[in-house]
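If you want the building blocks of each chain, they are given just below.
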Amino acid sequence: MKNSIITKALIVPGLPHPLLAPEKNPGWQKLRHAFEEARKEIENSDADLILYFSTQWLSVLGYSFQADPKPSFTHVDHNFHALGSMKYEFRVDTDFAKVYAAKVKALGHNTMLPNYYGFPIDTGTIVAQKLLNPTNRLPAAMVSCNMYAEKQETISIGRAAATALQESGKRAIAVLVSGLSNRFFVKEVDAKDDHISSAKDEEWNRKICELLSEGRLEDVAQVAREFGKEANGDMGFKGIWWLSGLCGETNAFSGKLHGYAPIYGTGNAVVTLTPKEPVLARTPDTTSNAIIDAPGAPEPVGAYPHARREGDFLFLSGVGPRARGKKEIPGVTQDSSGKVISYDIEIETRSVIHNVKAILEASGSSLDKVVDVQVFLTDMQKDFPTFNKIYAEVFGKIQATRTTIEINRLPTPIHVELKVIARV
Amino acid sequence: MTKQKGKIIAGVLAPHPPHLVYGENPPQNEPRSECGWEELRWAYERCRKSVLALKPDVLLVHSPHWMTVVGHHVLGLPHFKGISVDPIFPHLFRYSYDLKVDVELSLAIAEAGKQKGLITQVMKNPDFRVDYGTICALHLMNPAWDIPIVSISSNNSPYYFSNEVGQEQMLQLGDATREAIEKSGKRAVLLASNSLSHRHFTTEAEIPEDMSKEHIYHHGQYLWDMQILKLMREGKAKELLAVCPEFFDMASAEVKAGALAWMLGALGIPDYPATVHGYGSVIGTGNAVVEWRAPEVRL
């Protein structure tokens, strides 16, 4: 499948035991063999790079992308330090990292490209790299796991990887480094006595393994939230959303479970997924009836999405000038009690248009596809001339239909809001 | 000659935002800043002056960034040297450290913990990189690095059960720590390396030290932080511990990692007021430098 951006997708555990101490426990040895089988599956791959998402590389400020072309260090796991040290030197595709980071930034997220000696690479990525790509035959790319991100955002980060691959003209082996159930024993256990820490976790793990061995990646992504909650999934098992977003959100894979075993009470599996159909990048949210949450737009102030697609049309909720993650409203000056002291309709209008653009682009549309606009102003007499001038700068050539209404008040201390309908 | 009984001469809530080290521009840290987070840095200066005047023999730090799941771990080798790079803020913190461990006391704490039924482990891998929470708190308290240290990990596993169970275990670890210090004959200072409310911004100002962009993440967090600080200032540690499990959840509080409960337990749940040297936000999180000094401890 020459035109597929993904040649193989893998799910592998990130604990160091299969790398550092496989001989101590039959289950850890089983996982080591499973890694070995997976490595053989990809050793002759014509992929251009191997792309990792590890639940152990946590970020807060958006997303980070390893940008050191040759990171090297001696790593020791903070928890299982007694197992030994992991010396590494990796080869990183920094060109791809930059393209991927740009795609994620375009979604409205903060991005970082760390290129510093000693920047910590997490245990999970090191274990996976050393067991799957031990000679650095393939350059690696690594993206962090944002600890605050929920389902929709994590899917969009996966989709952005697909777009970055497509635009780069590269093909990747995608690796999710994540455990299944993540309930550790809280006491020391003899390696030979290791087992899954609860029967409930075991049952859930078996179900996930069964689905994955049938290639049903998207079905697993759909039950991930419940699995995460019921079986204490590794980081809520959110990594599967990234993998599914990257791999087209389908079940069109041949799955193979190479091994499943406990490590210190947690559930761990090595799975390979081979696409049955070419995996291609898709326009964000092209599914009909999609509900869109745009990461670059301000958080909704009620129970509504930023936009909703119906057929070929996109309906946006009312968009104001607020900025995501900020307390201050662009153009609005308030005193300590929140009372508006003054406002600048020009700044507010430009911010509204910026937010509309962000939502449209996150939905696979754009400003030039706007067909109808409703405008709400709180002071028509005072603000209309300035508003109208700025509106014309952007929408003059687009020629969307428009209705402008004066209203008493908007839900937050803002003075302009747009309600937009666009084509996808 | 009989060894004199050791004593905890002070306990400090010693948050570890790398921003404070970055704002100070010490020679060990590679990135350079213009300024930043002065309220907290000056709070640390006041606290440092107060605590170091007591001439402690050892500084003990409990950090949430050395996360363990199987027990409470302590550093068990005499010397660690390396570079600490913050995975979240690598552009602010790339610090070359060189520290000496009081191994004797570390082992005694691990043993005392075991005697109380806690799981403890001694970390003896020479390649181990000391976590940045430990490094930051120690630098801010003693930038000369001329006092031996004890570093204790943050054992997350008790919190699998509930916040209350987790806190109870940290109080036990505090008891074990106090007993080991008393037997050691040393004068010890405890550093609880935790912030208070801990919801971060997910974006950063173009100039990280641009203080016009710095404020608490939301007012609810601030109210919680003030409630907690009020209890500290009034010497109500017992009430503080009672409210903490709710604080953890309501303000995403970092003290959930256990350092505060450990320290208060080691201090015997103090009923005397603490000194709040300062409070400020760092990328939206609430941080305070607070010192507990037993009334009988004099210079």
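Predicted model, so just to flag it, every value in this text is computed and none were measured.

Reading guide: rules and limits
Residues numbered from 1 in each chain as written. Chains lettered and ligands numbered in written order. Predicted model: local features only at pLDDT ≥ 70, side-chain atom pairs only at ≥ 80, totals over all residues. Heavy atoms only, no water. Helix = DSSP H or I, 4+ residues; strand = E, 2+ residues; numbered from the N terminus. Rg over C-alpha atoms; globule rule 2.2 N^0.38 Å. Buried < 20%, exposed > 50% of the residue type's maximum accessible area, 1.4 Å probe, protein only. Contact = heavy atoms within 4.5 Å. Lys, Arg positive; Asp, Glu negative; His and termini not counted. Charge placed at Lys NZ, Arg CZ, Asp CG, Glu CD. Salt bridge = Lys/Arg side-chain N within 4 Å of Asp/Glu carboxyl O. Phe/Tyr/Trp six-rings, centres within 6.5 Å; stacked < 30°, edge-to-face > 60°. Lys NZ or Arg CZ within 6 Å of the ring centre and 35° of its normal. Pairing = 2+ DSSP bridges. Axes fitted to C-alpha atoms, helices over the stretch in contact; angles between N-to-C directions. Parallel < 35°, antiparallel > 145°, perpendicular 65-115°, else oblique. Left-handed = near helix turned anticlockwise from the far one by under 90°. Nonpolar A, V, L, I, M, F, W, Y, C, P; charged D, E, K, R; others polar. Buried area = accessible area lost by both parts, 1.4 Å probe. Polar contact = N/O pair within 3.5 Å; in protein donor to acceptor, adjacent residues only side chain to side chain. Core = buried A, V, L, I, M, F, W, Y, C linked by side-chain atoms within 4.5 Å. Domains from an automatic or database assignment.

### Let's talk about the overall build of chain B
Okay, so step 1: Within chain B one finds eight helices and ten strands.
Okay, so step 2: Relative to its length of 299 residues, chain B is compact, with a C-alpha radius of gyration of 18 Å against a globular reference of 19 Å.
Okay, so step 3: The dimensions of chain B, computed from C-alpha atoms along their principal axes, are 60 × 40 × 40 Å.
Okay, so step 4: Out of the 299 residues belonging to chain B, those deemed buried represent 64%.
Okay, so step 5: A sequence separation of at least 24 residues applies to 80% of the contacts in chain B between residues at least 6 apart.
Okay, so step 6: For chain B, the distance from the average position of its 29 positive side-chain charges to the average position of its 34 negative side-chain charges is 6 Å.

### So, the pattern of salt bridges
Residue and element names in this part refer to chain B.
Okay, so step 1: Considering all chains together, one arrives at 31 salt bridges over all chains under this definition.
Okay, so step 2: Note that Lys 186 and Glu 104 form a salt bridge whose closest N and O atoms lie 4.0 Å from each other. Separated by 82 residues along the polypeptide, Lys 186 in the loop between helix 5 (163-184) and strand 8 (187-192) and Glu 104 in helix 3 (residues 103-115) bring together distant segments of the chain.
Okay, so step 3: With its nearest N and O atoms 2.9 Å apart, the salt bridge here joins Lys 116 to Glu 179. Here Lys 116, found in the loop between helix 3 and strand 6 (120-123), pairs with Glu 179, found in helix 5; they are 63 residues apart in sequence, far enough to count as distant.
Okay, so step 4: On the basis of relative accessibility, which here comes to 29%, the residue Lys 116 falls in the partly exposed class.

### Observations concerning the packing of aromatic side chains
Okay, so step 1: For the structure shown, the criterion picks out 20 aromatic pairs over all chains.
Okay, so step 2: Measuring from ring centre to ring centre gives 5.8 Å for Phe 96 of chain A and Tyr 100 of chain A, while their planes differ by 40°; the resulting arrangement is tilted. With Phe 96 of chain A and Tyr 100 of chain A both in helix 3 (residues 94-106), this residue pair falls four residues apart, about one helical turn. The pair formed by Phe 96 of chain A and Tyr 100 of chain A is uniform in burial state, with each residue classed as buried.
Okay, so step 3: Among the aromatic residues, ring-to-ring pairing joins Phe 93, Tyr 95, Tyr 132 and Trp 145 of chain B into one connected group.
Okay, so step 4: Sitting above the plane of the Tyr 391 of chain A ring, Arg 402 of chain A keeps its charged end 4.5 Å from the centroid.
Okay, so step 5: Residue placement shows Arg 199 of chain B over the ring face of Tyr 148 of chain A; its charged tip is 3.9 Å from the ring centre.

### Topic: the sheet that holds strand 7 (residues 140-146) of chain A
Residues and elements named next belong to chain A.
Okay, so step 1: Pairing is mixed in the open sheet, where six strands are placed in the order 7-2-8-1-10-9. A single partner strand is all that each edge strand has here, and the edge strands are strand 7 and strand 9 (253-263). Between one strand axis and the next, the sheet turns by 15° as a mean value, whatever way the strands run.
Okay, so step 2: Across the face of the sheet, helix 6 (residues 199-213) comes into contact with strand 1 (6-12), strand 9 and strand 10 (266-275) while running at roughly 155° to strand 9.
Okay, so step 3: Here helix 8 (residues 239-246) sits on the sheet and contacts strand 1, strand 2 (49-59), strand 7 and strand 8 (172-177); the angle it forms with strand 8, its principal contact strand, is near 165°.

### Comments concerning the packing of helix 5 (residues 151-168) of chain A against helix 8 of chain A
Residue and element names in this part refer to chain A.
Okay, so step 1: Running from amino to carboxyl end, helix 5 crosses helix 8 at an angle of 40°, the nearest separation of the two axes being 7 Å. Here helix 5 lies oblique to helix 8, going by the angle between them. Crossing angle aside, the handedness with which helix 5 passes helix 8 is right-handed. In contact with Lys 151, Thr 154, Ile 155, Ile 157, Gly 158, Arg 159, Ala 161, Ala 162 and Leu 165 of helix 5, helix 8 contributes Trp 241, Trp 242, Gly 245 and Leu 246.
Okay, so step 2: Along the lines of polarity and charge, the residues of the contact of helix 5 with helix 8 split into eight nonpolar, three polar and two charged.

### Considering the interface of chain B and chain A
It is common to report an interface's size as the accessible area lost on association of the parts.
Okay, so step 1: Of the residues lining the interface, 38 residues belong to chain B; the matching set on chain A comes to 34 residues.
Okay, so step 2: Three residues, Val 70, Ile 88 and Arg 129 of chain B, lead the burial of chain B against chain A; their summed loss comes to 18% of the area buried on that side.
Okay, so step 3: Where chain B touches chain A, the interface holds eleven residue pairs in polar contact (both at pLDDT 80 or more).
Okay, so step 4: Mapped by element, the contributors of at least two residues to the side of chain B that touches chain A are strand 2 (58-68), strand 4 (79-85) and strand 6 of chain B.
Okay, so step 5: Here the residues of the side of chain B that touches chain A are counted per class, giving 17 nonpolar, 14 polar and seven charged.

### Some points on the pairing of strand 8 of chain A
Residue and element names in this part refer to chain A.
Okay, so step 1: Most of strand 8 is tucked away, with six of its six residues classed as buried.
Okay, so step 2: Burial along strand 8 is two-sided: Ala 172, Ala 174 and Leu 176 and Ile 173, Val 175 and Val 177, pointing in opposite directions, are all buried.
Okay, so step 3: Where strand 2 and strand 8 come together, six bridges link them in parallel fashion. Looking across to strand 8, one finds that Leu 49 is bridged to Ala 172.

### Some thoughts on the nonpolar core
Okay, so step 1: Core analysis: the largest hydrophobic core is formed by 104 residues, its most contacted members being Leu 60, Met 232 and Trp 292 of chain B.
Okay, so step 2: Residues within four places of Met 232 of chain B in sequence aside, it is in contact with Leu 13, Leu 196, Leu 240, Leu 260, Pro 273, Ala 274, Val 290 and Trp 292 of chain B.
Okay, so step 3: Residues Ala 164, Ala 174, Ile 240 and Val 271 of chain A belong to the second largest nonpolar core, which totals 55 residues.

### Considerations on the side chain of Asp 383 of chain A
All names here are of chain A.
Okay, so step 1: As for its placement among the helices and strands, Asp 383 is situated in helix 10 (residues 380-395).
Okay, so step 2: Buried charge Asp 383 goes without a salt bridge, the closest partner of opposite sign being Lys 382 at 4.3 Å.
Okay, so step 3: A polar contact is formed between the side chain of Asp 383 and the side chain of Tyr 343, at a distance of 2.7 Å.
Okay, so step 4: Those residues in contact with Asp 383 that sit more than four places away from it in its chain are Tyr 343, Ile 345 and His 415.

### A look at the domain arrangement of chain A
Residue and element names in this part refer to chain A.
Okay, so step 1: Under the domain assignment used here, chain A contains domain 1 (6-275) and domain 2 (289-423).
Okay, so step 2: Both faces considered, domain 1 and domain 2 share a buried interface measuring about 340 Å² in area, 61% of it formed by carbon and sulfur atoms.
Okay, so step 3: When the buried area of domain 1 at its contact with domain 2 is split by residue, Leu 107, Gly 108 and Gln 152 rank highest and sum to 72% of it.
Okay, so step 4: At the surface where domain 1 touches domain 2, the tally comes to zero salt bridges.
Okay, so step 5: The interface formed by domain 1 and domain 2 contains zero residue pairs in polar contact (both at pLDDT 80 or more).

### Some remarks on the sheet that holds strand 12 (residues 307-310) of chain A
All names here are of chain A.
Okay, so step 1: One open sheet holds the six strands; their spatial order is 11-12-13-18-16-17, and the pairing between them is mixed. Two strands close off the open sheet at either side, each with one partner strand: strand 11 (291-292) and strand 17 (401-406).
Okay, so step 2: Sheet analysis places strand 12 next to strand 13 (residues 313-316), joined by four bridges and oriented antiparallel. Paired with Arg 309 across the strands is Leu 314, a residue of strand 13.

### Here we look at the pairing of strand 4 (residues 72-75) of chain A
Residue and element names in this part refer to chain A.
Okay, so step 1: Residues of strand 4 alternate between two faces, with Phe 73 and His 75 buried on one and Ser 72 and Thr 74 left unburied on the opposite face.
Okay, so step 2: Pairing of strand 4 with strand 5 (residues 86-89) involves four bridges; the strand directions are antiparallel. Across the sheet, the residue bridging to Ser 72 is Glu 89, located in strand 5.

### Notes on the environment of Val 223 of chain A
Okay, so step 1: Along the polypeptide, Val 223 of chain A turns up in helix 7 (residues 217-230).
Okay, so step 2: Residues Val 223 of chain A and Glu 89 of chain A, 134 residues apart in the sequence, show an inter-C-alpha distance of 37 Å.

### Focus: helix 8 of chain A
Residue and element names in this part refer to chain A.
Okay, so step 1: Among the eight residues in helix 8, eight count as buried, and that is most of the element.
Okay, so step 2: Considered for burial, the residues of helix 8 that qualify are Gly 239, Ile 240, Trp 241, Trp 242, Leu 243, Ser 244, Gly 245 and Leu 246.
Okay, so step 3: Looking one or two residues beyond helix 8, the residue adopting positive phi is Gly 248, at roughly 90°.

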